[in-house]
Amino acid sequence: MVLLLAGVGCAAPPRSPAPRPTMDPGALDRPDVTIRTDSAPHDLAARPPAGAGDADTSLFASAAAAFRNGWMPLGETGVDAFLRAHPTFDGRGVLIAILDSGIDAGIPGLGTTSEGTRKIVDLRDFSGEGAVPLAPVTPTGDVIVVAGRRLRGYGRIAALATGAGVYGGVLRELPLGDAPAGDVNGNGAIGDSLPVVVVRATDGWVLFADTDGDSSFANERGLHDYLVAHETFGWSSGGRPSPLTVAVNVADGPGGAPLLDLFFDTSGHGSHVSGIAAGHDMYGVAGFNGVAPGALLLGCKIANDAQGGISTTGSMARALDYAIAVAARRRLPLVINMSFGVGNEVEGTARIDAIVDSVLALHPDVVFTVSAGNDGPGLSTLGFPGSAARVITVGATLPAAFLWTDQRDRGIGPVAFFSSRGGELAKPDIVTPGMAWSTVPRWDSGGEQESGTSMASPHAAGIVALLRSGLIQSGGQADARMIRQALMVTAAPLDGATPLDEGAGLPDVGRAFRWLRSGRVVPAVTARGPGGGAASAAYQVIARGGRPDTVATFTLAAQGTDTFRLRASAPWLHAPARVVTAGGRGSVRVTYDARMLAAPGVYTATVSGWTDDTLAGPAFRLINTVVVAWPAGHDAALHVALPPGGLARLFVLADSGRPFSIGASSAASGVTLYLHEPDGMPYRDGNGTAAGTGDDAAVYDVGAQDAVAGAYEVVAVAPPTDSAEVTIEIHQSPVRLALTRDRDGLAATITNVTDSALSGRAAVVLAGAERRQTIIGRGSEQPHLGFIIPVWARGVVVEVAMDRAEWSRFTDFGVTVFDSAGQQLGKEPLNYALGRLQLPVGSGHGDMPATLALSPGLAEPGSTAAWTVRVAIRLYADLAVTLPAVAGELPVAVTLTPHAAATVRFRLTDSPSPLGDGFFPLGTVVMQANDRLWTREAGLPSPHPPVMR
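Draft legend 1. Region of the structure containing the overall build of the chain. Helix and strand counts for the chain stand at 13 helices and 52 strands. Relative to a compact globule of 949 residues, whose C-alpha radius of gyration would be 30 Å, the chain shows 29 Å and is just as compact. Here the chain, with 949 residues, has 60% of them falling under the buried criterion. Within the structure as shown, the chain displays about 34,000 Å² of accessible surface, and the carbon and sulfur contribution to it stands at 51%. Mean positive and mean negative side-chain charge positions of the chain (70 and 89 charges, respectively) differ by 6 Å.

Structure (structure tokens):
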């Protein structure tokens, strides 16, 4: 996960899989057989927006061009019209807390509000990324030594010190990641150690840094905690401006020594989000604003970019508490934005959701906007904490300003392909523009345009700030629940979208404000899905020809006794005429007409509950979805015509250990094919493959080792500007495959799962090496696992998995690989209970020592709970080695009667490449049947592992 960072976060191209080996050309008498990997996706964010050529090379001119082109898309939600009508309702008097990767306070546009006052109230680090260990140091005359560095000019410091001790430490660049973000002083090199000294002055702790690198403090100024003096600084080199603005968090620690955290944004994500929410005159361009330019900002850093952009143990909860306390002290209405999300394994059970809901229940005036996540377009992909009941969960649209001219004329863009969808959850609540040109740190110049639900969520937060600002000035009031009701009731549905895609639709701030000013009252009702579980919607998957559960019972929790009239949105969905909540409780029994749910596809409809005041909108929505999937074992070919931005979904049932292939072809450019695993997780080897024709068709070859039982979702998406015709092909293997090792060699077991006899040929190749290890950790401790990337390796895959039920205790889990110098080779936080980090390795390297670091982030602050993960490290060679068969020539002929199994034995020869400590051979069984190749990869540990004494 990523911050969305969520991602936490911006829509990004899928990971490029690490190279897998090419099999020996003679293995199956077919030349150039390779294990296919995903091709590059269609990436809207990478396309030059219309009019990009108008911008010159200066940042001011680029911002001016972005302003002219509408790349801060305010029109689609009515923000520009609202502010023309009410120019002072621009967020003034409202505090927006940004829980993210940080805010760079030096960016033009984040300095002042529309009233000319300081915009940023405070900057506070809860992630630990900027923590600098301090130790007492003793000056000698005018010289002080910090971590081996001799620094002159101590007299400048001594003039302020009160004699309470001198403390020194260093900020190390190397753990912060790659350049330019990790090159804090901008000298073009990663690996510097930047010394700081902290002393107590009469007005509190003061930090000195050698910002210009001249090894002297003589010309440096003292810096206080940001909340005390709102001071910032930055390191620079060669007279160039500092690439990064740094704030100081310093407080009393144990024994009177200081505790130091440096606040900065080496992700750029939080700074970009902040500009969308509340930027004012960005980069000096008058009128180039975010949604609420008059609002104040509070930066709460929850994400550690050095560990993959992950939240850390308790960082969300502590930041949430801090934001509420700051707003209370200043008596400001509070809006919180968190552009962050990771995938739900079991919807509705995440511990962070319960924490957020309990805090918001105690503070009903606090409005919390959260990004839905970027795991779309599959269903049931909405992550936590966007799955919390009391937050406003925000999906994304593609703003018309970023599309081609004919789309601009329509005025409204479609729901973004990357936006996570509901299914088991009745979310998202709304959608807002998910692309924007916004503020970034100087080191990230050129990254001003980003896309993702990370961009949509602060847009919604800004809208809330406008509503609250307008209510303050007009004498109105509304709590968080009524603000969400106003946004949803007045939202406009988008063409072709369902509640699973868009929630209530695209809000309009003017309509929402008028609704709030009308003083309507809507009873508070919470709905739970069937079965008494935590999911908030009814969702089921059946095979074609099967019969769905035709009854779904929702439970309602209300504040009193109310009567609601019920409406169903589709003819296959039936509900009683009304429901009464007696004593705060009620239930709604809905039924489905199974005859109308026969063809494969997705059926979604809503039962809504209304009071007598129909203009108040529905008090609750009960979302029902029935998925009819293609049954296992059946090939299929489907041809679909898609409108611009349209998509086609189909579900396919798969068996464990049975490989399959999904492909799509289209003559139109920009068509993308997505694959989601059962329960919604994007395909583990990367998702989003461009669909061309012939050899350029999109293909997902799912090996037997990765195939799990359940319904896979296949989604073809047309480009947002053009219609497309797409052919989708489904091929399921007629066999299950297994590969095991015993004392006599290898046994490849091939099982015919069809009703027909079949013949084929089989071979086994050595693909590389694998190491497995179970790691038991506790709390936020960070285990490290060392290994060697051998000279022959061309790709490394690190797989980390935990039990699904355990995942709900975390907010994040970082996976990072470092080289022997501490430089990051790669990072990929888990977004689900299973994740893969894929590292291509070039040729020409020697044996490379590497370290795998695991960085857990638990929801509970200070948690010391135990956790367990299973780690597999796989090394791939560039050429696979074919193994000899025990009997017969290669490839081995295999004939199977229906539902019968055969075992073919192979000799495990010595690997041509040394495997390294803890590693064992990694093999692949390949079966040719029905003119296709089917594979299963398997680690082959010794059947007699050594006894540890």
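There is more to say after this.
Draft legend 2. Spatial organisation of the pattern of salt bridges. Within the structure shown, the criterion is met by 33 salt bridges. Notably, a salt bridge pairs Asp501 with Arg421, separated by 2.9 Å at the nearest N-O pair. Linking Asp501 in helix H11 (residues 499–502) with Arg421 in the loop between helix H8 (405–408) and strand S19 (430–433), this pair joins segments that are 80 residues apart in sequence. Asp429 is the partner of Lys427 in a salt bridge, and the nearest nitrogen-oxygen pair spans 3.0 Å. Across the pair, exposure class does not vary: Lys427 and Asp429 are buried alike.

Draft legend 3. Just the packing of aromatic side chains, in detail. Within the structure shown, the criterion is met by 20 aromatic pairs. Residues Trp807 and Phe810 carry aromatic rings whose centres are separated by 6.2 Å and whose planes lie at 20 degrees to one another, so their mutual orientation is stacked. Here the aromatic residues Phe384, Trp807, Phe810, Phe813 and Trp867 are joined through ring pairs into a cluster of three or more. In this structure, Arg567 packs its charged tip against the face of Trp610, placed 4.0 Å from the ring centre.

Draft legend 4. Here's a closer look at the confidence of the model for the chain. Per-residue confidence for the chain gives a mean pLDDT of 90, with 92% of residues at or over 70. Here residues 1–57 is a poorly scored stretch, pLDDT under 50, and it has 204 contacts once near neighbours within four places are set aside; other chains count.

Draft legend 5. Inspection of empty space enclosed by the protein at higher detail. What the largest cavity holds in volume is close to 90 Å³. For the lining of the largest cavity, the class distribution of residues is eleven nonpolar, four polar and one charged.

Draft legend 6. Broad picture of helix H7 (residues 351–362). For H7, spanning twelve residues, the distance from its first C-alpha to its last is 17 Å, which sits close to the expected 16 Å at 1.5 Å a residue. When we look at burial in H7, the residues that qualify are Ile352, Asp353, Ile355, Val356, Asp357, Val359 and Leu360. Among the structural elements, helix H6 (315–330), strand S17 (367–371) and strand S44 (810–819) are those in contact with the buried residues of H7.

Draft legend 7. Here's a closer look at the pairing of strand S8 (residues 193–201). For S8, the tally of buried residues reaches seven of nine residues, placing the bulk of the element in the interior. Sheet topology places strand S7 (residues 166–172) next to S8; seven bridges connect them, and they run antiparallel. Note that in S8 the partner of Gly168 across the bridge is Val197. In the sheet, S8 pairs with strand S9 (residues 204–209) via six bridges, with the strands oriented antiparallel. The partner of Val197 across the bridge, within S9, is Phe208. Remark: two residues form the turn of the hairpin made by S8 and S9, two consecutive strands paired antiparallel.

Draft legend 8. Structural detail: the environment of Val228. Position of Val228 relative to the elements: it lies in helix H4 (residues 226–229). Taking the C-alpha atoms as reference points, Val228 and Gly204, separated by 24 residues in sequence, lie 8.9 Å from one another.

Draft legend 9. Broad picture of the environment of Met338. Here Met338 shows up in strand S16 (residues 334–338). Measuring from C-alpha to C-alpha, the distance between Met338 and Gly255 comes to 35 Å, with 83 residues separating the pair along the chain. Apart from residues no more than four positions distant in its own chain, Met338 is found in contact with Leu99, Ile302, Met316, Phe368, Thr369, Val370, Ser371, Pro385 and Ser457.

Draft legend 10. Representation of the sheet that holds strand S12 (residues 258–263). Strand order in the open sheet made by the four strands is S3-S12-S11-S10, with antiparallel pairing throughout. Single-partner strands in this sheet number two, and they are strand S3 (131–132) and strand S10 (232–233). Pairing geometry for strand S11 (residues 246–252) and S12, over six bridges, is antiparallel. Looking at S12, one finds that Val250 is bridged to Leu260.

Draft legend 11. Expanded view of the sheet that holds strand S4 (residues 135–136). Strand order in the open sheet formed by four strands is S4-S7-S8-S9, and the pairing between neighbours is antiparallel. Either end of the sheet is taken by a strand with one partner, and the two such strands are S4 and S9.

Draft legend 12. Representation of the nonpolar core in the model. Counting 106 residues, the largest nonpolar core has Ile96, Leu467, Leu487, Leu516, Trp572, Tyr592 and Phe620 as its most contacted members. Looking at this core, the element that brings in the most residues is helix H9 (residues 453–474), giving ten residues. In this structure Leu487 touches Ile392, Ile430, Ile463, Val464, Leu467, Pro507 and Ala512, once residues within four positions along its chain are discounted. Val366, Leu839, Leu915 and Phe919 belong to the second-largest nonpolar core, a separate cluster that totals 71 residues.

Draft legend 13. Region of the structure containing the packing of H6 against H7. One way to put it is that H6 packs onto H7 with a least axis distance of 11 Å and a crossing angle of 15 degrees. The angle between H6 and H7 falls in the class roughly parallel. Between H6 and H7 the crossing geometry is right-handed. Of the residues in H7, those in contact with Met316, Ala317, Leu320, Asp321 and Ile324 of H6 are Ile352, Ile355, Val356 and Val359. Residue classes in the contact of H6 with H7 are distributed as eight nonpolar, no polar and one charged.

Draft legend 14. Geometry of the pairing of S11. Within S11, five of the seven residues are buried, which leaves it mostly tucked inside the rest of the structure. Joining the antiparallel neighbours S11 and S12 is a turn of five residues, in which Gly255 adopts a positive phi near 70 degrees.

Draft legend 15. Focus on the environment of Arg156. Within the fold, Arg156 resides in helix H3 (residues 154–158). Counting along the chain gives 660 residues from Arg156 to Thr816, while the straight-line C-alpha distance between them is 41 Å. Leaving out residues up to four positions away in the same chain, Arg156 has contacts with Phe208, Phe217, Ala218, Glu220, Arg221 and Gly222. Here Glu220 takes part through its backbone oxygen, which lies 3.0 Å from a polar atom of the side chain of Arg156.

Draft legend 16. Spatial organisation of unusual backbone geometry. A cis geometry characterises the amide bond from Gly376 onward to Pro377, with omega recorded as 10 degrees. With respect to the element layout, Pro377 can be found in the loop between S17 and strand S18 (392–397). Backbone torsion omega between Leu890 and Pro891 reads -15 degrees, so that peptide bond is classified as cis. Considering the arrangement of structural elements, one finds Pro891 in the loop between strand S48 (866–882) and strand S49 (892–896). The backbone of His230 sits at a positive phi, close to 55 degrees, despite the residue not being glycine. Of note, His230 is situated in the loop between H4 and S10. Classification of His230 as partly exposed rests on a relative accessible area of 22%. Of note, the phi angle at Arg331 is positive, near 55 degrees, even though the residue is not glycine. Tracing the chain through its elements places Arg331 in the loop between H6 and S16.

Draft legend 17. Molecular detail of helix H12 (residues 509–517). Within H12 the residues assigned to the buried category are Val509, Gly510, Ala512, Phe513, Trp515 and Leu516. Here the buried face of H12 lies against helix H2 (79–85), H9 and helix H10 (480–489). The N-terminus of H12 is capped by Asp508, whose side-chain oxygen sits 3.0 Å from the backbone nitrogen of Gly510. Of the residues flanking the end of H12, it is Gly519, one or two places downstream, whose phi is positive at about 75 degrees.

What counts and what doesn't
- Within each chain, residues carry numbers counting from 1 in the order of the written sequence.
- Per-residue local features are limited, in this predicted model, to residues with pLDDT of at least 70; the limit for side-chain atom pairs, both in listing and counting, is 80 or more; totals at the level of whole chains, interfaces and linings are taken over all residues.
- The side-chain quantities take in all heavy atoms of the structure and omit both hydrogens and water.
- Here a helix means four or more residues in a row that DSSP labels H or I, a strand means two or more in a row labelled E, and each is numbered from the N terminus.
- Only C-alpha atoms enter the radius of gyration; for comparison, a globular chain is expected to reach 2.2 Å times N to the power 0.38, where N is the number of residues.
- Here's how the labels work: a residue is buried when its accessible area is under 20% of the maximum for its type, exposed when over 50%, partly exposed in between, all with a 1.4 Å probe on protein chains only.
- All accessibility values rest on the Shrake-Rupley procedure with a 1.4 Å probe; residue burial counts only the protein chains present in the view.
- Within this scheme the basic residues Lys and Arg register as positive and the acidic residues Asp and Glu register as negative, but His and the chain ends are omitted.
- Taken as the charge centre is NZ of Lys, CZ of Arg, CG of Asp or CD of Glu, depending on the residue.
- Salt bridges are defined as contacts in which a side-chain nitrogen from Lys or Arg sits within 4 Å of a carboxyl oxygen from Asp or Glu.
- Pairing of aromatic side chains here covers Phe, Tyr and the six-membered ring of Trp, requires ring centres within 6.5 Å, and sorts the geometry by plane angle: under 30 degrees stacked, over 60 edge-to-face, intermediate tilted.
- Geometrically, a charge over a ring is one whose NZ (Lys) or CZ (Arg) sits within 6 Å of the ring centre while staying within 35 degrees of the ring normal.
- Across the chain, each position has a pLDDT score giving the predictor's confidence in that residue, from 0 to 100.
- By definition in these notes, contact holds between two residues if any of their heavy atoms fall within 4.5 Å.
- Whether a set of points on the 1 Å grid over the protein atoms alone is a cavity depends on a 1.4 Å probe fitting there but being unable to get out, while an open set qualifies as a pocket with protein on both sides within 12 Å along at least five of seven lines; lining residues are those with an atom within 4 Å of a point.
- Grid points are joined across faces, edges and corners, and a volume is the space filled by probe spheres set on the points.
- The nonpolar class holds Ala, Val, Leu, Ile, Met, Phe, Trp, Tyr, Cys and Pro. Asp, Glu, Lys and Arg form the charged class, and all remaining residues, Gly among them, are polar.
- Helix span is expected to be 1.5 Å times the residue number reduced by one.
- At least two bridges found by DSSP between two strands is the condition for calling them paired.
- Nonpolar cores are built from buried Ala, Val, Leu, Ile, Met, Phe, Trp, Tyr and Cys residues. Side-chain atoms within 4.5 Å join them into one set.
- The axes used here are C-alpha line fits, helices contributing only the stretch in contact, and every angle between their N-to-C directions lies in the interval 0 to 180 degrees.
- Our angle categories are set so that under 35 degrees counts as roughly parallel, over 145 as roughly antiparallel, 65 to 115 as roughly perpendicular, and the remainder as oblique.
- Helix crossings are classified by the rotation of the near helix relative to the far one: an anticlockwise turn of less than a right angle makes the crossing left-handed, while a clockwise turn makes it right-handed.
- Polar contacts here mean pairs of N or O atoms no more than 3.5 Å apart (in protein, one a potential hydrogen donor and the other a potential acceptor; neighbouring residues in sequence count only if both atoms are side-chain atoms).

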